[in-house]
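Examining the three-dimensional arrangement
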Amino acid sequence: MSLVPQTAFNSTAIVDTVDQHETKMTNTDQERWLRVKERLRVEVGEDIYFSWFARMELDAIEADTIKLSVPTRFLKSWIQSHYAEKLLGCWQSERGETTRIELTVRSAAIRPLQPKLKPVEVPLPPREPKLNGHDLRLAMPISAAHEGLGGSPLDPRLTFESFVVGRSNTLAHAAALQVARARRGDAVMFNPLYIHAGVGLGKTHLLQAVAWAGNVGPDRKVLYLTAEKFMYGFVAALRAQTAIAFKEALRAIDVLVIDDLQFLQGKSTQAEFCHTLNALIDSGRQVVIASDRPPADLESLDERMRSRLAGGLVVEMGALGEELRLEILKARVAAARLHHPGFDVPPGVLGFIAKSVTHNGRDLEGALNRLLAHSKLTGQPVTLEMAEREVRDLIRPQEPRRVKIEEIQRVVARQYNVSRADLLSSRRTANVVRPRQVAMYLAKTLTLRSLPEIGRRFGGRDHTTVLHAVRKIENLVSSDVSLAEEIELLKRQLQE
Ligand code: ADP
Ligand code: MG
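Note that the structure is a prediction, hence the values are computed from the model and not measured.

Regarding the packing of helix α21 (residues 463–479) against helix α22 (residues 481–495)
Axis separation between α21 and α22 bottoms out at 6 Å; the angle between their running directions is 115 degrees. α22 is crossed by α21, and the crossing has left-handed handedness. Residues Ile-473, Leu-476, Val-477 and Ser-479 of α21 pack against Val-481, Leu-483, Ala-484 and Ile-487 of α22. Partitioning the contact of α21 with α22 into residue classes produces seven nonpolar, one polar and no charged.

Thoughts on the sheet that holds strand β1 (residues 57–62)
On the basis of which strands lie adjacent, the open sheet formed by three strands has the order β1-β2-β3 and mixed pairing. Of all the strands in the sheet, the pair left with one neighbour each is β1 and β3 (100–105). Between one strand and the next, the sheet's axes are offset by a mean angle of 20 degrees, whatever the strand orientation. The pairing of β1 with strand β2 (residues 65–70) spans five bridges and is antiparallel. Within the sheet, the bridge partner assigned to Leu-58 lies in β2 and is Leu-68. Strands β1 and β2 of the sheet are contacted by helix α3 (residues 27–44), whose axis makes an angle of about 120 degrees with β1.

With respect to the packing of helix α17 (residues 405–416) against α22
The packing of two helices is summarised by the inter-axis angle and the distance between the axes. Running from N to C, α17 and α22 cross one another at 135 degrees; their axes reach a closest spacing of 11 Å. As the angle between them shows, α17 and α22 are arranged oblique. For the pair α17 and α22, the crossing hand works out as right-handed. Residues Glu-407, Ile-408, Val-411, Val-412, Arg-414, Gln-415 and Tyr-416 of α17 lie in contact with α22, whose contacting residues are Leu-483, Glu-486, Leu-490, Gln-493 and Leu-494.

Examining the pairing of strand β9 (residues 286–291)
Across a regular strand the side chains alternate sides, sitting on one face of the sheet and then on the other. Most of β9 sits out of view: six of its six residues are buried. Of the two faces of β9, the one holding Gln-286, Val-288 and Ala-290 and the one holding Val-287, Ile-289 and Ser-291 are both buried throughout. Bridging between strand β6 (residues 193–196) and β9 involves four bridges; their strand directions are parallel. Bridging from a neighbouring strand, Ile-195 pairs with Ala-290 of β9. Both strand β8 (residues 255–259) and β9 contribute to a ladder of four bridges, which runs parallel.

Concerning the packing of aromatic side chains
Evaluated as defined, the whole model comprises two aromatic pairs. For the ring pair Trp-33 and Trp-91, a centre distance of 5.8 Å and an interplane angle of 10 degrees mean the geometry is stacked. One end of the pair, Trp-33, is in helix α3; the other, Trp-91, is in helix α5 (residues 73–94), with 58 residues separating them in the sequence. With centroids separated by 5.3 Å and ring planes inclined at 70 degrees, the aromatic side chains of Phe-53 and Tyr-83 adopt a geometry described as edge-to-face. In this pair, Phe-53 sits in helix α4 (residues 46–53) while Tyr-83 sits in helix α5, placing the two residues 30 residues apart along the sequence. Given a relative accessible area of 1%, Phe-53 falls into the buried group.

Overview of the pattern of salt bridges
For the coordinates displayed, the defined rule picks out 20 salt bridges. A salt bridge links Lys-67 to Glu-102, with the nearest nitrogen and oxygen atoms 3.6 Å apart. Here Lys-67, found in strand β2, pairs with Glu-102, found in strand β3; they are 35 residues apart in sequence, far enough to count as distant. Note on Glu-102: relative accessible area 27%, which makes it partly exposed. When the shortest N-O distance is used, the salt bridge between Glu-365 and Arg-157 registers 3.6 Å. Here Arg-157 lies in the loop between α6 (142–148) and α7 (170–181) and Glu-365 lies in helix α15 (residues 361–378), a separation of 208 residues in the sequence. Judged by its relative accessible area of 31%, Arg-157 is partly exposed. Linked through salt bridges whose partners overlap, the residues forming this network are Glu-62, Lys-67, Arg-100 and Glu-102.

As for helix α12 (residues 303–310)
When we look at burial in α12, the residues that qualify are Met-305, Arg-306 and Leu-309. Seen from one end, α12 has its buried residues packed into an arc of 100 degrees, which puts them on one side. Residues of α12 that are exposed and point over 90 degrees away from its buried face: Glu-303 and Arg-304. For α12, the secondary structure elements touched by its buried residues are β6, α11 (267–282), β9 and β10 (313–316). Capping the start of α12 is the job of one residue whose side-chain oxygen sits 3.0 Å from the backbone nitrogen of Arg-304: Asp-302.

About the cut-offs
- Residues numbered from 1 in each chain as written.
- Chains lettered and ligands numbered in written order.
- Predicted model: local features only at pLDDT ≥ 70, side-chain atom pairs only at ≥ 80, totals over all residues.
- Heavy atoms only, no water.
- Axes fitted to C-alpha atoms, helices over the stretch in contact; angles between N-to-C directions.
- Helix = DSSP H or I, 4+ residues; strand = E, 2+ residues; numbered from the N terminus.
- Left-handed = near helix turned anticlockwise from the far one by under 90°.
- Contact = heavy atoms within 4.5 Å.
- Nonpolar A, V, L, I, M, F, W, Y, C, P; charged D, E, K, R; others polar.
- Pairing = 2+ DSSP bridges.
- Parallel < 35°, antiparallel > 145°, perpendicular 65-115°, else oblique.
- Buried < 20%, exposed > 50% of the residue type's maximum accessible area, 1.4 Å probe, protein only.
- Phe/Tyr/Trp six-rings, centres within 6.5 Å; stacked < 30°, edge-to-face > 60°.
- Salt bridge = Lys/Arg side-chain N within 4 Å of Asp/Glu carboxyl O.
- Arc of directions from axis to C-beta.
- Polar contact = N/O pair within 3.5 Å; in protein donor to acceptor, adjacent residues only side chain to side chain.

Right, here's the structure in full:
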């Protein structure tokens with residue numbers, strides 16, 4: 001592949017003015033920094049260290065404050081939200097008087113590009129992932145090429161290997177895998193692939209998996225960008241190019257992956273986005289997008305753009321059901337055990353977390369991290385009691401709350417726009433039958449009432465009718481994602 005595109009992007013990439021900082025620093029400071037980095041590396045592990053800390057620099061040491069900088073806002077916010085305490089801790093062990101870390105984004109300055117891709121300090125995917133029989137490590141320098149094009153950093157843990165497939169994400173997963181497996185020149189099946197879901201349901205995970213896996217083969221380039229990165233890096237780089245260089249650059253991208261599209265703001269950015277998207281799609285390149293809402297709800301985009309986005313494959317990922325939560329937890333424990341062989345979580349505890357912690361993948365991760373931290377710090381085995389204590393605040397409020405059958409009937413009636421009397425009546429029209437079945441199903445799953453008792457409370461029906469309703473809904477829920485979601489929502493409403 002020609003180096004033109006990299007050249008084009010790098011020449012205007014936002015880079016730092018490092019050299020000035022470094023002259024102020026004494027040798028001891030730099031040595032300290034080296035030791036802190038070493039400590040960090042040991043604490044967080046190679047992969048994470050290289051993904052997030054390799055490009056961090058020491059700017060100054062002042063009284064109780066350590067001033068550090070990173071090249072992008074994304075790195076900054078990621079480190080702040082995930083590693084602030086760890087970083088401070090490492091500094092404190094090196095230099096006791098430290099109480100504050102100041103992290104900044106290195107200021108923008110145009111610096112001539114590095115003529116070649118840097119030798120790789122690559123975050124290796126932890127489990128030697130393979131795709132189509134390719135060892136992904138051979139596809140390195142994945143992230144060098146990726147970053148050369150101005151991509152956002154990839155988290156080495158977010159791969160297809162670690163993505164658990166369940167009812168709510170089967171289709172999204174299959175589509176993403178299809179995209180990742182395509183070869184340069186293959187016909188594009190759906191374009192763009194547009195995945196939407198609520199917070200913490202796996203969008204970023206799936207998109208980064210595409211980016212990791214998609215760079216298989218020497219001439220295939222997948223570029224993963226957050227909308228933020230698209231706005232502040234990519235667009236700026238594009239603007240500085242001539243039309244020819246722009247086209248040249250785009251030609252180097254086989255798959256453009258954009259995360260969190262809902263954050264794309266500003267008229268001119270959107271114009272650039274439309275331009276990029278159209279150019280890529282028209283020349284048969286794949287575009288993958290994730291957002292927290294469907295295309296039609298992206299109010300700030302113009303109508304034509306929305307319909308273009310909706311014109312490919314739009315897939316929704318639903319809430320993580322209990323089963324999926326359990327599987328994710330199991331996979332996480334297995335992964336954690338690679339580094340912490342003593343970490344053992346009894347099935348009862350996993351079941352408890354899967355049942356009680358909210359539907360968001362982040363909270364699941366948080367819950368397990370706490371158990372891990374606790375068990376490492378105290379050296380004590382994980383027990384149900386400990387788990388209940390550690391994850392209390394991640395649990396839906398006052399659970400298990402007692403739910404009354406009347407309440408279920410009221411909430412369901414409201415949801416389906418029928419009256420409570422309709423639910424209890426003997427009417428058998430479809431618009432009443434389904435809500436009634438849903439209500440019976442909820443009565444069975446959320447209360448301890450027996451089938452005959454539920455039957456009585458639904459206008460004196462027989463217990464076999466209730467059983468039929470419960471089975472019916474159970475079946476439907478396993479194939480109908482939107483019904484499953486509706487029911488999850490109703491449950492949540494009732495339990496809060
Ligand atoms: P989103 O981008 O939709 O807000 P993320 O992709 O960041 O969500 O997911 C949040 C957390 O949940 C991450 O740690 C992710 O790995 C985990 N997660 C979500 N869905 C799955 C899944 N199907 N399998 C494994 N982990 C998942
Ligand atoms: Mg995300």
